[in-house]
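# Structural characterization, general
So you can see what is in the structure, the chains are spelled out below.
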Amino acid sequence: MDNIVRRIGILTSGGDAPGMNAAIRAAVRNCLQHNITPIGIHRGYNGLIQGDTFEMDARSVNNLSERGGTILYTARCKEFTTPEGVQQAVRTCKYAGIDGVIAIGGDGTFRGAQKLSAAGVNTVGVPATIDNDIGCSHYTIGFDTAANTAIQCIDKLSDTMQSHERASVVEVMGRHAGHLAVYVGLAVGATAILVPEFPVDFERDVIERIRQGKYRGKRHFLIIVAEGVGRCDEIARRIEEETGIDARVSILGHIQRGGAPSGRDRTMAARMGHTAVEELALGHTNLVVCYRDSHIVTIPIDEALAMKKGLDPYMYKVAYDISI
Ligand code: ATP
């Protein structure tokens, strides 16, 4: 057996993120530069288990950088978390002649990539999640677009809320991580930002800040809440009860996942997708492509999964200090 890489499979898994398509495009085009046939895999690890794969070519990814979502579809796949599921995926790779896989997604996707690697299929992960909560990488594909979408929505909301001198309680995505909430909160001038990582004293950090703001002549109050913190209607009810200010809830929801990727997401996805192919073409495996200190680097998946990324307390402090 030679060590030449002939066919690389590409899949997107977990929650979708704007820029996944740009990463697919980069991977496909760089495969072709190496005379490697790119193989699309549908619906994450499901496609590997079910043999739902197809050959791609340069034109199949035309005009893809600017499209949100993922043309390969994405899904969770419980079966792949079992040894039988992994073995079935390995069989598909054998039959389809796939000798390398690029898995684009979050840390769950990388756990799957680790299993595939251990089972003998060379695999490289690319971080894509709007939450930006992957410890090994300072940036994840999709974050910038999602943040800008949330900011644009909140700007519109602020116009009408200001006219009526109301408070807005806005829920942004982030079940376990507040990166999006803090970034967006700082950008929109939130009065308070509630995230799972930093517990707040509601009286002191929300109610009292609104009262002080009102005293200083502030007429509109934005409270940004990460999804994982709790019920926004409950937060709004307390604000109304304790301050007398009409408080309305807006849940931005899945709109944050869609739309044309920003320039940052397109270029980051292009660099990461390209790098994944470079590594697989060299016969490397069990790696995650990361963005660290302004460079694209790769880290072994085992190490990558053990790395943690906390919220930037300084960014949080800046948001509080300047929204008086
Ligand atoms: P998001 O950031 O959107 O949650 P994610 O990649 O972390 O993305 P998960 O649902 O955690 O999303 O994982 C995606 C898929 O990866 C799972 O549905 C499963 O197929 C696979 N996966 C996750 N954990 C494991 C594991 N321990 N072993 C094998 N496969 C796994």
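Values in this document were obtained by computation on a predicted structure and should not be read as measured data. (Residues numbered from 1 in each chain as written. Predicted model: local features only at pLDDT ≥ 70, side-chain atom pairs only at ≥ 80, totals over all residues. Heavy atoms only, no water.)

### Focus on the pattern of salt bridges
Applying the stated criterion to the full structure yields 14 salt bridges. The residue Arg238 makes a salt bridge to Glu203 at a minimum N-O spacing of 3.6 Å. Residue Arg238 is found in helix H8 (residues 232-243), and its partner Glu203 is found in helix H7 (residues 202-215); the two are separated by 35 residues along the sequence. Given the relative accessible area of 28%, Arg238 is considered partly exposed. (Salt bridge = Lys/Arg side-chain N within 4 Å of Asp/Glu carboxyl O. Helix = DSSP H or I, 4+ residues; strand = E, 2+ residues; numbered from the N terminus. Buried < 20%, exposed > 50% of the residue type's maximum accessible area, 1.4 Å probe, protein only.)

### Some words on the domain arrangement of the protein chain
Split by domain assignment, the protein chain resolves into domain 1 (7-142 + 261-306) and domain 2 (143-258). With 16 residues of domain 1 at the contact, the number on the domain 2 side is twelve residues. In total, domain 1 and domain 2 occlude about 1100 Å² of area from one another, counting both sides; carbon and sulfur atoms represent 53% of this. There are one salt bridge connecting domain 1 and domain 2. Arg257 is the partner of Asp16 in a salt bridge, and the nearest nitrogen-oxygen pair spans 3.9 Å. Where domain 1 touches domain 2, the interface holds ten residue pairs in polar contact (both at pLDDT 80 or more). Here the side of domain 1 that touches domain 2 is composed, by residue class, of five nonpolar, six polar and five charged. (Domains from an automatic or database assignment. Contact = heavy atoms within 4.5 Å. Buried area = accessible area lost by both parts, 1.4 Å probe. Polar contact = N/O pair within 3.5 Å; in protein donor to acceptor, adjacent residues only side chain to side chain. Nonpolar A, V, L, I, M, F, W, Y, C, P; charged D, E, K, R; others polar.)

### Notes on the sheet that holds strand E7 (residues 192-194)
The strand order across the open sheet built from four strands is E7-E8-E6-E9, with neighbouring strands paired in parallel fashion. Looking at strand neighbours, the two that pair on one side only are E7 and strand E9 (247-251), the edges of this open sheet. Looking at each pair of strands side by side, their axes are set apart by 20° on average, direction ignored. The sheet contact formed by E7 and strand E8 (residues 221-226) spans three bridges and is parallel. Within E8, the position partnered with Ile193 by the bridge is Ile224. Here H7 sits on the sheet in contact with E7 and E8, set at roughly 160° to E8. (Pairing = 2+ DSSP bridges. Axes fitted to C-alpha atoms, helices over the stretch in contact; angles between N-to-C directions.)

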